[in-house]
Amino acid sequence: MAASVLQRFLLPVRTAGKISAHRETGRRCLLSAAYTDTKVWEQRQTEPQSLGELASLMDRSYERKFPVSSLTISRTVDCISSKEEIDQTEYYLYKFRHSPNCWYLRDWTVHSWFRQCLKHGAREKAMHTLKNKVQFGMFPDEFTFNLLIDSYLKDKDYKGACSVVEEVMLQEAFTQPTTQIVSLFALSKYLATKPDLSWQEERNVGAALMLAGLEQENSVGISAQLLGHALIGKVEMARGIHVVFHQMPLIWTPGYLGRSLAVMERVCTDTGDFKLSTEVLDYLQTILQELSSTPSETAEENTAENQADDSIDEEDELERAKLPQYTAKFKELREQLQAQGKEDSSSLEALTSDLAQEKLSAFEQLDVAEYQKRVQDWEAERRQLVEREKEMREKAEQERLARQAARQAAQ
């Protein structure tokens, strides 16, 4: 059912003029060269090291049950020079994460790891460590997330870009406007390919749309919220609320389809210029129709799984009973939207492209300025650690010499 709904939802743009306009805006809807430029990062001061010597040092330390310092793992990541060395370094990142010093993995080391993966054509390794973030300690900041999303977008790998956006959603990192816009762009591009989504993908994409949309006070944000709630609501109706919020940053309260209608009601009563995409409204209408017309089929599809995990409870049954009310409310609200001229015939993809064309450049400049300052702060912190390391080595050497002198005196 997921495939048929999405195929009906993601209709082609209706006129040649709109297609032309979308193509024009689509060219700019990626991060600029200034944003992805590596100059600021590569100009920082680094310490020339041998990966082989660092690996030997870490191996000896782990064998003796000694801690490996955050500087050592940072130097290891910084000195990567080939795709083959990415594999070797991945092993030591895992070892460091499972060592007593695991909490001291530095933010700049995480950033450096993803830059190295992109630089040496090992994006699959970046995604592997990101998907297994708890095992590797890979919790990147939003600037790093944006670089990774952008790399997929430039290759027109929209599914890959959405995989990164899902990680942004799970980390609840939609605080920067740039991340919000780039994420919504990736999601809309992926949905425009008419993917055959599993229910897990519907939930994840829906949550990403909803959470990113909540940060955007415009027609794109409102339409994304509606679509996100609708996707989550569809999963809720079929499989229960427990499946929806399991390992997800979502509220546990049932009624996601009801929340999608609340979005429509907000637009109806709002005095501003918010509009909802007709395409998104058509999608919600299709969901309500299919849930209403084939309840037995939906139940049969999920009977075995629901019996296995006992995910459907009394609360879910009460929510399903509201479906006729939701359908009637939708018709009423849509008539109001049409009467008020608050439907936008543009697709979500086109609306998001227009938003990126209009707003992304200004937000990029703010991000780049903040990133430059962050790199300076990282370098200041790194220099302090290097100085502390030097002092500790000198102290250890003095203590060693003192012990040696004491032994000689005793003899």
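Here, the structure is the one placed above.
Everything numeric in this text was worked out from a predicted model, so none of it was measured.

Colleague: For the overall build of the chain, give the residues involved together with the corresponding values.
Modeller: Scanning the chain from terminus to terminus reveals 22 helices and two strands. Across the 411 residues that make up the chain, the buried fraction comes to 51%. Expressed as a percentage of contacts within the chain between residues at least 6 apart in sequence, the contacts between residues at least 24 apart total 79%. Accessible surface, the chain as shown: approximately 20,000 Å² in total, 50% of it carbon and sulfur.

Colleague: Describe the pattern of salt bridges, and please don't skip the residues or the numbers.
Modeller: Scanning the model with the defined rule gives 26 salt bridges in all. Ionic pairing is found between Lys131 and Glu167, a salt bridge with its closest N-O pair at 3.4 Å. With a gap of 36 residues between them, Lys131 in helix 9 (residues 123-131) and Glu167 in helix 12 (residues 158-170) connect regions that are remote in the sequence. You can call Glu167 buried: its relative accessible area is 4%. Asp282 is the partner of Arg334 in a salt bridge, and the nearest nitrogen-oxygen pair spans 2.8 Å. Taken together, the residues Arg334 in helix 21 (residues 323-339) and Asp282 in helix 18 (residues 278-293) connect sequence positions 52 residues apart. Asp282 matches Arg334 in its accessibility class, with the two residues each being buried. Put simply, Glu47, Arg75, Glu379, Arg382, Glu389 and Arg393 are held in one network by salt bridges that share partners.

Colleague: Describe in detail helix 8 (residues 107-119), supporting the description with residues and values.
Modeller: An ideal rise of 1.5 Å per residue puts 18 Å on 13 residues; helix 8 measures up with 18 Å between its terminal C-alpha atoms. In terms of burial, helix 8 is largely enclosed, as 10 of its 13 residues are buried. One or two steps after helix 8, the chain reaches Gly121, where phi turns positive at roughly 65°.

Colleague: Got a sec to walk through the nonpolar core? Specific residues and values, please.
Modeller: Counting 107 residues, the largest nonpolar core has Trp113, Ile149, Leu209, Leu257, Met264, Leu276 and Leu284 as the members making the most contacts within it. Apart from the residues lying within four places of it in its own chain, the contact partners of Leu284 are Leu226, Ala230, Leu257, Ser260, Leu261, Met264 and Phe330.

Colleague: So what's going on with unusual backbone geometry? Residues and values would help.
Modeller: With phi around 60°, Lys156 is a residue other than glycine that occupies positive phi space. In this fold, Lys156 is placed in the loop between helix 11 (142-154) and helix 12. The phi angle at Glu172 is positive, at roughly 50°, despite the residue not being glycine. If you trace the backbone, Glu172 turns up in the loop between helix 12 and helix 13 (177-191).

Colleague: Lay out the packing of aromatic side chains in plain terms, naming residues and giving numbers.
Modeller: All told, the structure shown has six aromatic pairs when counted by the stated rule. Judged by centre distance (4.5 Å) and plane angle (15°), the rings of Tyr35 and Phe143 are stacked. With Tyr35 in helix 3 (residues 33-36) and Phe143 in helix 11, the pair connects residues that are 108 residues apart, well separated along the chain. Like Tyr35, the residue Phe143 is buried in the burial classification. Seen from their ring centres, Phe245 and Trp252 are 4.5 Å apart, and the 10° between their planes marks the pair as stacked.

Parameters and conventions
- Residues numbered from 1 in each chain as written.
- Predicted model: local features only at pLDDT ≥ 70, side-chain atom pairs only at ≥ 80, totals over all residues.
- Heavy atoms only, no water.
- Helix = DSSP H or I, 4+ residues; strand = E, 2+ residues; numbered from the N terminus.
- Buried < 20%, exposed > 50% of the residue type's maximum accessible area, 1.4 Å probe, protein only.
- Contact = heavy atoms within 4.5 Å.
- Areas by Shrake-Rupley, 256 points an atom, 1.4 Å probe, with all protein chains shown as cover.
- Salt bridge = Lys/Arg side-chain N within 4 Å of Asp/Glu carboxyl O.
- Expected span 1.5 Å × (residues − 1).
- Core = buried A, V, L, I, M, F, W, Y, C linked by side-chain atoms within 4.5 Å.
- Phe/Tyr/Trp six-rings, centres within 6.5 Å; stacked < 30°, edge-to-face > 60°.

Read these as spatial facts, not as claims about activity.
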